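This is what each chain is made of:
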Amino acid sequence: MPYAVRAGRAVRETVSGLPREFWWLWTSTLVNRLGAFVATFMALYLTLDRGYSATYAGLVAALHGLGGVISSLGGGVMTDRLGRRPTLLIAQASTAVSVALLGFVRDPVAIAGVAFLVGMASNASRPAVQAMMADIVRPEDRIRAFSLNYWAINLGFAVSTMAAGFIAEVSYLAGFLIEAGMTMVCAIVVFLKLPESKPAETVRTAAPSDSSVSLRTVLRDRRFMSVVGLSFLVALIFQQGSVGLPVAMGEAGFTPAEYGMAIAVNGVLIVVLQIPVTRFIEHRDPRRLLVLSSLLAGYGFGLTAFAGSVGVIALTVCVWTLAEIVNAPTQTGLVVRLSPLHGRGRYQGMYSMSWSVAALVAPLMSGFVIDRFGAEWLWGLCAVVGTVAGLGYGALMRRVPEEEPTALTEPSAPTEPTAPTEPTAPTEPTEPAESPGRAQPAEPADGAPGQIPERSASGP
């Protein structure tokens, strides 16, 4: 029982201290991923149920991904201009409508067009979620918050992929409608429970240009764009788990069921290890974590070249899954750390786009390398890319400044003037007066949406 007591205490410490708004956002993420059926059975729906070719199914998947690339930037701009809450509402409501419509259209051109819209709508919410999470969570708690959110994503995905098979056997249309309904539930949760967290424009900081951040500003930020480039390299490696690995295993004579058993290790480990690993890495040097995770990802896939059985392949999956568990929250925290206060949406959108582009490039890269040179060259290339990314993070993080949080006020809870409403007799001060021009930030209460600790930065 002492072990159970320690485990319970560890879980309580991991989830404690985060604001109430975070947990509603977390719940919305979990519900959304629990209903993510369409992405799982889209190829089967088009080829088996509708009778289209594999080439057409690949085209639809590519259009879906292209929509995600475009909306990553569009959603980021909306997040900064309209606000986090309106962007989430528009994105989730649009996703619900377009997913439901996709279940009813029959014309191949219409299916491709609606799939593109689904990709745009579903990816537009990502910059808003990440920006809102950065707004409402204290800087020292962000790694933990991002880890918990990533855990919810993978838990929901694991459940939805298992449920998708059973739903598809009954009715593909039911899968479309269930996902549309659960996505609409997410929009209702956002509407009822989440206040706007966008910092007030009236709050001026040391970087007055923060409130006029544009996409050109993001592109000119060489340090941040270096992070985007490194993120693309790491994402390119992780994508091989779903594009390169099944093809290579198929060519080596493994069955789809054996691939399913090997890749299932990824989801199980994330669900089991994300919280304890988060406790271990929460206050550790992000530079070392990013270097380590890049190397583990590259060489984890690299070891696949020497795997001759399902068991050994599963061990390689364990290696790069550990890299994924460490990299995801640390990388997202770095993006927030480098983003200016009033440009978080655009910066998060650019970061999200690096993963969307990787999802488009990875299938082309893996197919070309496997066909021309063989799977062993693909795994060797992964090791090289992971090494390059690790060296890049090592060099980049030397120049990243430390984060210094300050208190900011949301527009939904403006700070009242401190002057008294009626004259009072002067009193003798009990403490030395503060030096002129130096404001002391107020300490926010946990879960209070009015005060948000944050840093003003002129970097990304």
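Here the residue index of a chain counts from 1 through its sequence in written order. Given that this is a predicted model, residues contribute local features only at a pLDDT of at least 70 and side-chain atom pairs are listed and counted only at 80 or more, while totals for whole chains, interfaces and linings are drawn from all residues. Based on all heavy atoms of the structure, the side-chain values leave hydrogens and waters out of the count.

A. The arrangement of the overall build of the chain in detail. Within the chain, the regular secondary structure consists of 16 helices and two strands. Residue burial in the chain is summarised as follows: out of 460 residues, 48% are buried. When contacts within the chain are restricted to residue pairs at least 6 apart in sequence, long-range pairs at least 24 apart make up 87% of them. Segments assigned H or I by DSSP are reported as helices when at least four residues long, segments assigned E as strands when at least two residues long, and all are numbered from the N terminus. With a 1.4 Å probe rolled over the protein chains alone, any residue whose accessible area is under 20% of its type maximum counts as buried; one over 50% counts as exposed, and the rest are partly exposed. Residues count as neighbours in contact if any of their non-hydrogen atoms are within 4.5 Å of one another.

B. Seen up close, the nonpolar core. We call a set of buried Ala, Val, Leu, Ile, Met, Phe, Trp, Tyr and Cys residues a nonpolar core when their side-chain atoms join them within 4.5 Å. Formed by 49 residues in total, the largest nonpolar core has its most connected members in Phe-224, Phe-238, Leu-245, Phe-301, Ile-313, Leu-334 and Trp-379. Here Phe-238 is in contact with Ala-297, Phe-301, Trp-320, Ala-323, Glu-324, Asn-327 and Trp-355, once residues within four sequence places are set aside.

C. Main features of the packing of helix α12 (residues 256-281) against helix α14 (residues 310-338). It is at 8 Å that the axes of α12 and α14 come closest, and there the two elements cross at 40°. Like other packed secondary-structure pairs, α12 and α14 cross with a definite hand, here right-handed. For the contact of α12 with α14, the class distribution of residues is 18 nonpolar, four polar and two charged. Axis angles are defined between N-to-C directions and span 0 to 180 degrees, where every axis is a line fitted to C-alpha atoms and, for a helix, only to the segment in contact. Put simply, a crossing is left-handed when the front helix is turned counterclockwise from the back one by less than a right angle, and right-handed when it is turned clockwise. Three categories are distinguished: nonpolar for Ala, Val, Leu, Ile, Met, Phe, Trp, Tyr, Cys and Pro, charged for Asp, Glu, Lys and Arg, and polar for the others, with Gly belonging to the last.

D. Molecular detail of the packing of helix α5 (residues 84-102) against helix α6 (residues 108-136). The contact between α5 and α6 brings their axes to 8 Å, and the two run at 155°. Of the possible angle classes, the one that applies to α5 and α6 is roughly antiparallel. Both α5 and α6 take part in a crossing whose hand is left-handed. Tallied by class, the residues present in the contact of α5 with α6 amount to 16 nonpolar, six polar and three charged. Working definition: roughly parallel below 35 degrees, roughly antiparallel above 145 degrees, roughly perpendicular at 65 to 115 degrees, and oblique for all remaining angles.

E. Region of the structure containing the packing of aromatic side chains. Two rings from Phe, Tyr or Trp (for Trp, the six-membered ring) form a pair when their centres sit within 6.5 Å of each other. Planes less than 30 degrees apart are called stacked, planes more than 60 degrees apart edge-to-face, and all others tilted. Enumeration according to the criterion identifies twelve aromatic pairs in this entry. On the basis of an interplanar angle of 65° and a centroid distance of 4.6 Å, the ring pair of Phe-224 and Tyr-347 is categorised as edge-to-face. With Phe-224 in helix α10 (residues 222-238) and Tyr-347 in helix α15 (residues 344-372), this residue pair connects regions lying 123 residues apart in the sequence. With 6.3 Å between their ring centres and 75° between their planes, Phe-368 and Phe-373 make a pair best called edge-to-face. Judged by its relative accessible area of 46%, Phe-373 falls in the partly exposed class. Taken together, Phe-22, Trp-23, Trp-26 and Trp-151 form an aromatic cluster joined through their ring pairs.

F. Looking closely at helix α16 (residues 375-396). Compared with an ideal rise of 1.5 Å per residue, which puts 22 residues at 32 Å, α16 spans 31 Å between its outermost C-alpha atoms and is within 8% of the ideal. Along α16, the residues that are buried comprise Ala-375, Leu-378, Trp-379, Cys-382, Ala-383, Val-385, Gly-386, Ala-389, Gly-390, Tyr-393, Gly-394 and Leu-396. Those residues of α16 that are buried are in contact with α10, α11 (244-251), α13 (286-302), α14 and α15. Here the expected span of a helix is defined as 1.5 Å times the quantity of residues minus one.

G. Structural detail: the environment of Arg-81. Structurally, the position occupied by Arg-81 is in helix α4 (residues 54-81). Arg-81 sits in the exposed class, given a relative accessible area of 63%. Here the alpha-carbon distance between Arg-81 and Gly-345, two residues 264 residues apart in the chain, equals 8.7 Å. Setting aside residues no more than four positions away along its own chain, Arg-81 makes contact with Lys-198 and Arg-346.

H. Representation of a nonpolar patch on the surface. For patch detection, residues must exceed 30% relative accessible area and be free of salt bridges, and they are connected within 9 Å for like charges or within 5 Å for nonpolar side chains (Val, Leu, Ile, Met, Phe, Trp, Tyr). The Shrake-Rupley method, run with a 1.4 Å probe, gives the accessible areas here. Residue values count only the displayed protein chains as cover. Within this document, salt bridges are pairs made up of a side-chain nitrogen of Lys or Arg and a carboxyl oxygen of Asp or Glu, the two lying within 4 Å of each other. There is a patch of nonpolar side chains on the surface, built from Val-97, Met-184, Ile-188, Phe-191 and Leu-192 and spanning about 500 Å² of accessible area. In terms of residues, the nonpolar patch owes the most to one element, helix α8 (residues 172-193), which gives four residues. Its place among the elements puts Phe-191 in helix α8.

I. Quick peek at the pattern of salt bridges. Counted by the stated rule, this structure contains ten salt bridges. Taking the shortest distance from any N to any O, the salt bridge between Arg-84 and Asp-135 comes out at 2.6 Å. Residue Arg-84 is found in helix α5, and its partner Asp-135 is found in helix α6; the two are separated by 51 residues along the sequence. You'll find Arg-84 and Asp-135 in the same group, each marked buried. Of the charged contacts in the structure, one is a salt bridge between Arg-138 and Glu-140, with a shortest N-O distance of 3.8 Å. Judged by relative accessible area, which is 39%, Glu-140 ranks as partly exposed. Three or more residues joined by partner-sharing salt bridges are found here, namely Asp-80, Arg-84, Asp-135, Arg-344 and Arg-346.

J. The confidence of the model for the chain, seen in detail. The pLDDT score gives, residue by residue, the confidence of the prediction method on a 0 to 100 scale. Residues at a pLDDT of 70 or more form 81% of the chain, whose mean pLDDT is 79. For the stretch residues 202-210, pLDDT sits under 50, and the model shows 18 contacts to residues farther than four places along the chain or on other chains. Segment residues 404-460 is flagged for pLDDT under 50; beyond a separation of four residues in sequence, or across chains, it makes 90 contacts in the model.

K. Inspection of helix α2 (residues 20-34) at higher detail. For α2, with 15 residues, the first-to-last C-alpha span of 21 Å sits near the 21 Å given by 1.5 Å per residue. For α2, the complete set of buried residues consists of Glu-21, Phe-22, Leu-25, Trp-26, Ser-28, Thr-29 and Leu-30. Tucked into the core, α2 has its buried residues touching α5, α6, α7 (142-170) and α8.

L. Layout of the environment of Leu-334. Along the polypeptide, Leu-334 turns up in helix α14. When its relative accessible area of 3% is taken as the criterion, Leu-334 is described as buried. Measuring from C-alpha to C-alpha, the distance between Leu-334 and Arg-287 comes to 9.5 Å, with 47 residues separating the pair along the chain.

M. Looking closely at the environment of Thr-316. In this structure, Thr-316 sits in helix α14. With 54 residues separating them along the chain, Thr-316 and Ala-262 place their C-alpha atoms 9.3 Å apart. Ignoring any residue separated from it by four or fewer positions in sequence, one finds Thr-316 in contact with Gly-300, Leu-303 and Thr-304.

N. Spatial organisation of the side chain of Thr-95. As for its position among the elements, Thr-95 is in helix α5. Classification of Thr-95 as buried rests on a relative accessible area of 6%. Whenever a nitrogen or oxygen atom comes within 3.5 Å of another N or O atom, the pair is scored as a polar contact, on the condition that within protein one atom can donate a hydrogen and the other can accept it, and that pairs from neighbouring residues in sequence are kept only if both atoms are in side chains. Here Ser-122 takes part through its backbone nitrogen, which lies 3.3 Å from a polar atom of the side chain of Thr-95.

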